[in-house]
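# Report on the structure
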Amino acid sequence: MPRNRIKPLGTRSYANYKPEVLEECLEAIRSGALTQRAAENRYNIPRSTIKNKLKGNHTKNVGCSRIFSDEEEHAFEQHLTKMSDYGFPVVELDFRYAVKSYLDKKGVHIYQFKQNLPGYEWTKAFLKRHENLTCRISSNIKKVRAEVNASIIENYIDNLTEVVTDVPPTHIYNYDETNLTDDPGNKKVICKRGAKYVENICNHSKSATSIMMSGNAAGVLLAPYVVYKAEHMWSTWTENGPSGTRYNRSKSGWFDAVCFEDWFESTFLPSVRNQDGPKVIIGDNLSSHISVHVLKLCEEHNVRFVCLPPNSTQLTQPLDVAFFSPIKRLWRGILRKWKESDSGSKFPTIPKDSFPTLLKELMASLAEKQGENLMAGFAKCGIYPLNKQKLLDRLPENQPVDKDAVGEAFLKQLEKKRAEFLTKDGPKRRKKKLQVPAGKSITFQDVEASISESTPKPSTSTSKKTSRTSLKVSKKKTKKRLNSSSDEDDVEMVLESDGQSETFSDLEEILQEDSGEMVRRPNPHEETPKKIKPEDFAIDNFVIIKYSGKKYPGKIVSLSDKGPTVDCMEKRLKFW
């Protein structure tokens, strides 16, 4: 069944008119406005076709009859839409197998299908018949984003209604940061048929530059705010950029609390200072965006700070919904053009000196439709004009599946998808490092034998393990400095064995002991442990301190007449 049949040369044209044009032609003839010959000339429809339609002849569709009825195909369409609403859209292959399952359950064999499995061309023809369906590339979202339901959105809109009531659109702002990457993306090219890997020479990297964008519901966009990944700023990084743009830097290249506060004071407040009445600024609930200093500035300038519901920015953030997508599309085109130029092809990545120039070109390209995109984003998110239902209509259906509405074949596919998605894996196994000589292969049996050999055997002796490995202490851990002669509590110490210090696992064993004596750890070469005298302690010895009923691992840092001074680590959760 070919998708587009090629007519042989010399055959007459067939049905070169739309059904609505034919119906209009017939209605004009029935009303007496046109004769058949006049209608033939005006609508370019053969007179024989007009006669047959007026007499009720040839009313059936041309070609082979369809395999499924209109009711069945309409049910398929509803089921595909339902599964997409649930967050499990169906690919073409899954749809074909669902149809096969439906035919098998009916006990019907279709000779046009191989083993009742529809072909690729049938799927294309089905999508062509149903204009409400189309193929799109899906975007993945996290589980927490899929959990946003109607009650969360209703609560957010109810609270927002109290804030934005009687506030004009020029006073309602939305802010959000995004990044401009150094990768122009892929593009379709012409190449030899059958080529699997077509290469395009173009320098690119994974680096990105963060920018803060903000605009109001009236379509006015504020100047961008750029944050470079650097420790210092240079003058050439700010030249030839868009008018009013401010530049900053951070160690990570992301917006931290310092950068956000600077943007709020230097970019947002000067833009709204001359506006009378209350102002509203809406953004996500990122911790770096919420600080005491920013909230105090909001009170001083009559600005109402509104946070969006967590994990809902794909639904409630106007900039995410309607503004950032055109920006990224235009940026990829500008970046590709620059990298193909003589100046851009020399660099492996975008120099910070060239970024302001490219950003200026981006803002100029965006200026034509930036106001329209901003207003469309606020409207689609139900912020201005305020419309709760518009936002609720974009939520996926969260009601239980109705078996009467969803066919058994599609229900089986949906339940299978849910079961596979929600099944939790077993406990995560701890991996072990294997000592394998270079160039030598191993088998699973070798791994098991290696693990069994490395597993310590239970000892019949009541003494603790004597061999110790080196103890590595992080500098970032919290330390306590204690003196052995403290009057607050008795301090007990355990000195490390000669030449070998304690591991964390060994320290755990020591910390679980309830011994009250200051006992030195036994040396593997010594037969019996001996009592330790104060003069036996030395600087840089590792010891265990018992202080206020608790034990701490530490290191001797100094000695005095009162006793040794020890730097100790404190346990936080399960780490020292």
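For the structure itself, look to the data block above.
Reading the values: rules and limits
Residues numbered from 1 in each chain as written. Predicted model: local features only at pLDDT ≥ 70, side-chain atom pairs only at ≥ 80, totals over all residues. Heavy atoms only, no water. Helix = DSSP H or I, 4+ residues; strand = E, 2+ residues; numbered from the N terminus. Buried < 20%, exposed > 50% of the residue type's maximum accessible area, 1.4 Å probe, protein only. Contact = heavy atoms within 4.5 Å. Salt bridge = Lys/Arg side-chain N within 4 Å of Asp/Glu carboxyl O. Phe/Tyr/Trp six-rings, centres within 6.5 Å; stacked < 30°, edge-to-face > 60°.

## A look at the environment of Phe264
The topology assignment puts Phe264 in helix H9 (residues 257–272). Assessed through its relative accessible area of 0%, Phe264 is described here as buried. In this structure, the C-alpha to C-alpha distance between Phe264 and His289, residues 25 residues apart in sequence, is 9.5 Å. Aside from chain neighbours lying at most four places away, what touches Phe264 is Leu269, Ile281, Val294, Leu297 and Cys298.

## Observations concerning the pattern of salt bridges
Inspection of every chain in the model, using the stated rule, returns nine salt bridges. Across the pair Arg129 and Glu73 runs a salt bridge whose closest N-O atoms are separated by 2.7 Å. Placement of Arg129 in helix H6 (residues 120–129) and of Glu73 in helix H4 (residues 70–85) is noted, with a sequence separation of 56 residues between them. Classification of Arg129 as partly exposed rests on a relative accessible area of 35%. Here Glu73 falls in the buried class, since its relative accessible area comes to 1%. The partner of Lys100 in a salt bridge is Asp104, and the shortest N-O contact between them spans 3.4 Å. Separated by four residues within a single helix, Lys100 and Asp104 lie in helix H5 (residues 92–106), roughly one turn from each other. Since its relative accessible area comes to 21%, Lys100 is described here as partly exposed. Exposure remark for Asp104: the relative accessible area of 42% places this residue in the partly exposed category.

## Concerning the packing of aromatic side chains
Each aromatic ring pair is described using two quantities: the centre-to-centre distance and the angle formed by the ring planes. In the structure shown here, the tally under the stated rule is 26 aromatic pairs. Between Phe76 and Tyr102, the ring centres sit 5.6 Å apart and the planes meet at 90°, which makes this aromatic pair edge-to-face. In this pair, Phe76 sits in helix H4 while Tyr102 sits in helix H5, placing the two residues 26 residues apart along the sequence. According to the relative accessible area criterion, Phe76 is buried, its value standing at 3%. Classification of Tyr102 by relative accessible area gives partly exposed; the value is 23%.

Read these as spatial facts, not as claims about activity.
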